[in-house]
Number of protein chains: 6
Amino acid sequence: MSRTALFAGTFDPITVGHEDIIRRALPLFDHIAVAIGNNIGKRTPLFDIDTRRRWVEMTFADCPTVSADTYSCATIDYCIEHGIRYLIRGIRNPNDLVYEQEIALLNKRMAPEVETVFLLTAPQHSDVSSSAVREFVIFGKDASELVPAAIRNDFSHIVKNLKNKEL
Amino acid sequence: MSRTALFAGTFDPITVGHEDIIRRALPLFDHIAVAIGNNIGKRTPLFDIDTRRRWVEMTFADCPTVSADTYSCATIDYCIEHGIRYLIRGIRNPNDLVYEQEIALLNKRMAPEVETVFLLTAPQHSDVSSSAVREFVIFGKDASELVPAAIRNDFSHIVKNLKNKEL
Amino acid sequence: MSRTALFAGTFDPITVGHEDIIRRALPLFDHIAVAIGNNIGKRTPLFDIDTRRRWVEMTFADCPTVSADTYSCATIDYCIEHGIRYLIRGIRNPNDLVYEQEIALLNKRMAPEVETVFLLTAPQHSDVSSSAVREFVIFGKDASELVPAAIRNDFSHIVKNLKNKEL
Amino acid sequence: MSRTALFAGTFDPITVGHEDIIRRALPLFDHIAVAIGNNIGKRTPLFDIDTRRRWVEMTFADCPTVSADTYSCATIDYCIEHGIRYLIRGIRNPNDLVYEQEIALLNKRMAPEVETVFLLTAPQHSDVSSSAVREFVIFGKDASELVPAAIRNDFSHIVKNLKNKEL
Amino acid sequence: MSRTALFAGTFDPITVGHEDIIRRALPLFDHIAVAIGNNIGKRTPLFDIDTRRRWVEMTFADCPTVSADTYSCATIDYCIEHGIRYLIRGIRNPNDLVYEQEIALLNKRMAPEVETVFLLTAPQHSDVSSSAVREFVIFGKDASELVPAAIRNDFSHIVKNLKNKEL
Amino acid sequence: MSRTALFAGTFDPITVGHEDIIRRALPLFDHIAVAIGNNIGKRTPLFDIDTRRRWVEMTFADCPTVSADTYSCATIDYCIEHGIRYLIRGIRNPNDLVYEQEIALLNKRMAPEVETVFLLTAPQHSDVSSSAVREFVIFGKDASELVPAAIRNDFSHIVKNLKNKEL
């Protein structure tokens, strides 16, 4: 039986933390679907959905078993619809754990056959998050160290052209 | 001396977690007042105050020592005004504890005679919260398992008729 | 129905933290039994069982609804045998919570009718514990500030006469 | 490539918590090796190594992809020696996470190719541990609810015959 | 070499907690710059920048080595621009730590020469925060116990004159 | 006024984590005393006091403001006796914080003039501890990466000659 896993998020933008978790999960699964949430929650993303998807695709261009997709439903419904049995999540610290425990247990209620599999964020990425990247961008700091090497040029170009009203 | 306790919250909506804590606290107190916060905080509740109150009343229809009320002041002022000496709170995890410690200590400053009494949330409810119920509702998932048995029909009926703009 | 609660521990020795929790719990219960564990665990107590019991009795000499006892069974068995429905515990920090959650859930398995009720340790006692008192004693520091006022003289006297081999 | 995972522990004794984690991990791996630590640490196990191994085998008698083994080296050396790339661990709470993070990072230093994969303990097992089972046994309480159904009879029989000096 | 430290925040308003941390840090540094963030984040402060700055100045009027300033850039840029090598932060609980660890590590990426130095909040202030003060103000409670003695009169006067629309 | 700080511990053995904290604290103090606890606690150290002291001295041979000493009293008494006003501690995670908070508050009771100053352990050392080094040694793993570069040769030589009975 083929093992497919879902790594879902807003990826606003994808970070070296996301990339590391997915690359370390690669040998564990036959296929990893990276699903980018569109219009989930009230916050308007800093980067549009096409840019976020392109960055995911560029990051894993060398990984034939990774695919990118967008979605606007509940994450667990994406699993159910696509017959996916595993969710991958990275954990950085105890607060992440408490948050993820709630989500994972709620997901179990809705789809008991879906298992959430956790990997630990590498310590050198323990401060990396999409919101940290956005903070850097808003304060005009160079955030390229926090995003995957494969997107750094494109990321810097896009950031330079963000209109002030978008920040 | 009669022992009255206050269980205060937004109850947007009441959950099986709330119900369990209150039922387990019943034998400990002569009377438990369940007070539903009205217009507290910036977030507009998903369910109106009358609905939220009705659900509390339906949930404890079989409990003569439980009463429902609404309030719009600080919780500790409700205690002072009604001569209530005990606050009941449920705790699910360490993050809840840190949050509740701050609130309880601030309350002690204002009314040293009021004691906050904590019960532990049952493990099977550790992922249940009003915000989880609202998430389910917003994504069109069936949340009836998360609300008290006594209100399930009414809850499902109300949810079905929520206008899209309310979600 | 009479409400009796159990506050169980090793009380090696009783501290101002224990005293504060019990005094704050007093109005909540008709009777509080303070039970001092004898020969529980591998560590030999620093103070003998008679001394520990005397100190509990001296601490609550002014409280007619508090009684002292010793026991050597599992705490939950003491509840069952004496028909006690409430356990009182103090919580100082998130680590205490994680520890107490395990104990409370295990107790629920053995006696579902027994409820554990938690009060928060007052912040000025957040560093007080019996083991801290013993550390002070071992290093020859004055620990009398950490034990109840009613036992300070007796405590200092006993400590002065502890033979070196007992430390 | 075949995916083999190691679930290592003292299993003194195996619990329903261990069983649940392993069963939920089954579809994720082609083979799970359950390795029972022998003579690791200073504490003498309550149950001998043969009994502990038999209980693991009985628990997974219906699982052709689970095998039992004993070991006395460092866990990571067992992985290296057997070419195992995955360690499975269950996490119950934030304290478990902090502990497991240290172990997993130390293991990464010694064998970067080995990934530790975490599953969350089911909430109904959040208080279950081998040490809790041993506490029950020492106090003469019935612990059979905490061990796998397949070993309950054998477990109860062995416990009944534990000589007092072993407790 | 002169040792200058930065204590940065929104100070909306300054609390006894802030004051205590800064006073305890005084002997450790030759100079402490208190920098009040202006227009940082989305939330509109309850008190205007001039009031917040005046309160900082009044609080440390007796401390020749403390100065007050306002800023609108990233905190780390303020350090770089002013050649400041130390950031001072107070920590109240484990959640504060997790939050501060992320900030401190991100700051290290941008300016490795800047060290964040942590002091523990005194236990009697463990529930004090600017947001707690604002809650008190919004509910019409007397918050003067939570702000420095030197500003209490001025604070009470300003609070009395807050227009309703500002709350 | 001269600023002297104490970094106290068992240093069984000193690790790269200890070294990093002390080096980062160097510019903050005029002098840092590294005090090695002798015969504190029940556990017999793996390395003798002379070896542990030599390793501290070798580690900071290039730091004229660092000195090494041994002590057998309570740490706070060492501060009082030597007129030291600052204790330095490294923090790796929330559990460390809870532990350190208790110690720091107890120390404040005995010597209010002594301030404990915390630095965050660098993330790449978050799994490093003396007990981890000892585990490596006991299992025959190469632990030299976890100890300061200046002692690696000496450490490896000593470890090689540890008699089995010492492990």
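That block above? That's the structure.
Summarised in this report is the structure supplied together with it. (Residues numbered from 1 in each chain as written. Chains lettered and ligands numbered in written order. Predicted model: local features only at pLDDT ≥ 70, side-chain atom pairs only at ≥ 80, totals over all residues. Heavy atoms only, no water.)

**Here's the deal with the interface of chain F and chain E**
Moving on, step 1. Each side of the interface is counted separately: chain F has 26 residues, and chain E has 26 residues.
Moving on, step 2. Summed over both sides, the interface of chain F with chain E buries roughly 2,200 Å², with 64% coming from carbon and sulfur.
Moving on, step 3. Its largest share of buried area at the contact with chain E, chain F owes to Arg3, Leu28 and Leu120 of chain F, together 27% of the area lost on that side.
Moving on, step 4. Seen at the junction of chain F and chain E, the total is 4 salt bridges.
Moving on, step 5. One salt bridge connects Glu115 of chain E with Arg24 of chain F, and the closest N-O pair in it is separated by 2.7 Å.
Moving on, step 6. In this assembly, chain F and chain E are joined by 17 residue pairs in polar contact (both at pLDDT 80 or more).
Moving on, step 7. Secondary structure elements with two or more residues in the side of chain F that touches chain E: β4 (86-91), α4 (94-110) and β5 (115-120) of chain F.
Moving on, step 8. For the side of chain F that touches chain E, the element with the highest residue contribution is α4 of chain F, accounting for 8 residues. (Contact = heavy atoms within 4.5 Å. Buried area = accessible area lost by both parts, 1.4 Å probe. Salt bridge = Lys/Arg side-chain N within 4 Å of Asp/Glu carboxyl O. Polar contact = N/O pair within 3.5 Å; in protein donor to acceptor, adjacent residues only side chain to side chain. Helix = DSSP H or I, 4+ residues; strand = E, 2+ residues; numbered from the N terminus.)

**A look at the relation of the copies chain F and chain E**
Moving on, step 1. Laying chain F over chain E is done by rotating through 180° and shifting 0.0 Å along the axis; what remains is an RMSD of 0.0 Å. In short, the pair behaves as if placed about a two-fold rotation axis.
Moving on, step 2. Comparing contact sets, 100% of the residues at the interface of chain F also lie at the interface in chain E, consistent with an isologous, same-surface contact. (Least-squares fit on C-alpha atoms with pLDDT ≥ 70 in both.)

**Looking at the relation of the copies chain F and chain D**
Moving on, step 1. The two copies are related by a screw motion: chain F maps onto chain D through a turn of 120° and a shift of 0.0 Å along the axis, at an RMSD of 0.0 Å. Here the two chains are linked by the operation of a three-fold rotation axis. For chain F, the residue whose C-alpha comes nearest the rotation axis is Asn95 of chain F, separated from it by 4.3 Å.
Moving on, step 2. Of the residues that chain F buries at the interface, just 7% are likewise interface residues in chain D, meaning the two copies contact each other through different surfaces.

**Section: the interface of chain F and chain D**
Moving on, step 1. Taken together, the contact between chain F and chain D spans 14 residues of the former and 14 residues of the latter.
Moving on, step 2. Here chain F packs against chain D, burying approximately 1,200 Å² in sum over the two surfaces, 56% of which is carbon and sulfur.
Moving on, step 3. When residues of chain F are sorted by the area they lose upon contact with chain D, Asp127, Phe139 and Lys141 of chain F head the list and together hold 45% of the total.
Moving on, step 4. Linking chain F with chain D are 4 salt bridges.
Moving on, step 5. Glu102 of chain D serves as the salt-bridge partner of Arg92 of chain F, at 3.4 Å between the closest nitrogen and oxygen.
Moving on, step 6. Taken together, the residues of the side of chain F that touches chain D break down into 5 nonpolar, 5 polar and 4 charged. (Nonpolar A, V, L, I, M, F, W, Y, C, P; charged D, E, K, R; others polar.)

From the geometry alone we can't say anything about function, so treat these as descriptive.
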